[in-house]
Every structure is written in C-alpha cells, then in structure tokens.
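Structural features, examined
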Amino acid sequence: MMKIYVSLVFWLLSCCGYAVASSVGFDQTILYGESDRPLKVSVWYPSKDVFPTEKVAENLAFFGTKVVRIGTPLSGQYPLVVISHGYRGNWRNQNWLATKLAHDGYVVAALDHPGTTSFDHSPMAAAKWWKRPKDISRLLDWLLDDSNLTPYIDPTNITAIGHSLGGWTVMNLAGSEVDNEQLSADCLPTPNSRVCSLTAELGMLNDKPLGVSSLRDERIRRVVSLDLGLARSFSKQSLQTLTVPTLILAAGVDIGDLPQAQESGFLAKYIAKNKRRYIVYPDAAHFSFMQVCKPGAIEILEEEVPGDGIICKDGGQRSRAALHQDMLQKILAFIRST
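Keep in mind that what you see is a predicted model, and the values were worked out from it rather than measured.

1. Some details on the pairing of strand β9 (residues 246-251)
The side chains of a regular strand alternate between both faces of the sheet. Of all six residues in β9, six are buried, a share of seventy percent or more. Burial along β9 is two-sided: Thr-246, Ile-248 and Ala-250 and Leu-247, Leu-249 and Ala-251, pointing in opposite directions, are all buried. Looking at chain direction, strand β8 (residues 222-226) and β9 are connected through four bridges and run parallel. Its bridge partner being in β9, Val-224 is matched across the sheet by Leu-247. The pairing of β9 with strand β10 (residues 276-281) spans six bridges and is parallel. Bridge pairing in β10 places Ala-250 opposite Val-280. This β-α-β element, β9 to helix α9 (residues 264-270) to β10, shows right-handed connectivity.

Below, the structure written as structure tokens:
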C-alpha cells in the first residue's frame, strides 16, 4: 500500500509541475528558421542522469549552476517556462532561475535576441523591435513541435518570464500593444535617459511592418515581468483590457534612470487588479534579478567596462541569493495558482 501511495504522490507532483528533480539536464542549439535571424537557444529540464555534471554560466564575476550536459529527460510531462533577457543581456542572466525551476519540475528555455544581446549588437537587428516577441513565438513553435523535449512538455501550461527589456517583450506576448505616439509624447516633456535613448535604436517610433499581426501569443497562459523598462510605450487601453494573469516584480532601489513607479508601476496602475500581482522589493536593484556575483566581481567588471560594477550592487539589506530565493517562491506560487 505504501508503494502505491508513494507512486501516486510522485505522479501527482510530476503532472502538476511540483516534482523535485535530483538533477537538471541542459542543452543548447541554434534555430535557423529565419536565415537572417538565427536564435541561440538554451534549455533546462528534469534529468534522469545525475552525472557527469558541469558548471554553466560560470565566469570570473558570476556563479554558475551545476547541470548534466545533454541529459536524459525524466519521464513525465512538465509545465514550460520561456525566458527573455534584458537589453544587451543573454541566456546566462537568468540561468539561476532556470536551473531552480527545472529542479522543481519545469522545462525552461531561454534565447539570445539578435541585435540586443551581449553577443550581437547589430543595429539592423536591434531596430526591429517587434522581432523580440516573435523570437519567443518561434522558440515555442520549436519546443512544442520539433524538439526532443516536445513529448515532455505540457502545451497547456506555458509561462513567459522577462527581465528589463525582456519584461517588455513578454508583455507584448500577453497582448499589450505598443503606442508609438504615446511613447514619443512621454519622452518630450520628461525624457528618461535610459528608456528614451533606446527608442531610436530599437526602432520604437516605427510601426510594425505590413503583414505583422498582433504580437499576442495565445499559447502563453501567464507572464512574469522582472523590473521591466519601456512600460509607457504600451497603450493604456491595451493594458486595461489585458486578460493574461501577470506577476509584476519590481526593484525598489532606483539605479538612476529606471524608477519602478514609472515602469512596473505603470503596468500595475492600468492592468485590472484581478489580473495582476504587484510586488516591490525595497532592497533589490535592477540587476538583482541577474545571477549571483562572486566576491571581487565589482572590481572585475569596473576594470573591464567602467560603470558596469553597478550590475553587482543590490540594496544591501539581503544578499542577492536571499532575494533570489524569495523571488523564486513568488514566481512558483503565481504559476501554481493561475
């Protein structure tokens, strides 16, 4: 009887995305569906194999995580999470979150957005702002139809998470509509150096080209915005009519030109209260949502690029690891309850 009970509990946990995997498999590939926009994809998933392990996303400044490279997926069908990085970021930035989610029984995928990733600053690619959410839709096409993980994914339980410009990206996927005139008008009287300076680089004052329909992806059941930017580019009407459950996590420590009240707070103001949850971390800064920094990382980053040391600065009350644990619990609770 005990064996039957244990097996039943494991099945229930696995089917609902609460199973704790003993190890995390990791793989990378490149999607060439659009020859002028190949997408480098990283995927984390519960793995049967527990060795050999290696560290990924580890370097002199940041801690990585332990994974099994090209592991054997653990039997079951798991909720899917897709992650969009921030401006000139990359898949490594939320590796900490992806690994923790995979340990908790999720398949997680992230990609590098051409033109706005650490590895590609192409002006032509960056200026096609509508391509960012389309990248995520292409990633979903592959995951749900053509990848070796397709049998292990629950296509009815998909979450999109994004940090900074990635948060803006997933809000597009939820149905938020860019209003070029509103953004332009907002940047005239009260210009924000970080946000408004990006409008030209991202082609934000240009409409989507003919033939590009709504960026909403109906497969995405919920979205999580991690201290997004460019929130005021979204029309108030599209936010007011948003039906996709939205978790808004914001950094209370202003790094100088990304005040959360005017970014995350803008979303919270116009999205219906029964469709969103809004949490401000008073001891988190914008980059607290990225991987944990090693001792001496500030000096290393400053030497490489003066000013980049800010990436490793938080509010000082809690460690970044402690902040991550709280963020993870908030995200898991949101996914499980919606």
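2. Re the nonpolar core
The nonpolar side chains of soluble globular proteins are, as a tendency, buried together. Membership of the largest hydrophobic core comes to 65 residues, with the highest contact counts inside it found for Leu-80, Val-82, Trp-168 and Leu-267. Val-81, Leu-323, Leu-328 and Ile-331 belong to the second-largest nonpolar core, a separate cluster that totals 33 residues.

3. A few points about the packing of aromatic side chains
Applying the stated criterion to the full structure yields seven aromatic pairs. Aromatic pair Phe-26 and Trp-91: ring centres 5.5 Å apart, planes at 35°, arrangement tilted. Taken together, the residues Phe-26 in strand β1 (residues 24-31) and Trp-91 in the loop between β5 (78-84) and α2 (95-103) connect sequence positions 65 residues apart. Judged on exposure class, the residue Phe-26 and its partner Trp-91 are both buried. Measuring from ring centre to ring centre gives 5.9 Å for Trp-129 and Trp-130, while their planes differ by 85°; the resulting arrangement is edge-to-face. Each member of the pair, Trp-129 as well as Trp-130, carries the same accessibility label: buried. Chaining the aromatic ring pairs together yields one cluster made of Trp-129, Trp-130, Trp-168 and Phe-234. For Lys-40, the ring lying beneath its charged end belongs to Phe-119, and the centroid distance is 5.9 Å.

Conventions used here
Residues numbered from 1 in each chain as written. Predicted model: local features only at pLDDT ≥ 70, side-chain atom pairs only at ≥ 80, totals over all residues. Heavy atoms only, no water. Buried < 20%, exposed > 50% of the residue type's maximum accessible area, 1.4 Å probe, protein only. Helix = DSSP H or I, 4+ residues; strand = E, 2+ residues; numbered from the N terminus. Pairing = 2+ DSSP bridges. Right-handed = clockwise from strand over helix to strand, strands pointing away. Core = buried A, V, L, I, M, F, W, Y, C linked by side-chain atoms within 4.5 Å. Phe/Tyr/Trp six-rings, centres within 6.5 Å; stacked < 30°, edge-to-face > 60°. Lys NZ or Arg CZ within 6 Å of the ring centre and 35° of its normal.

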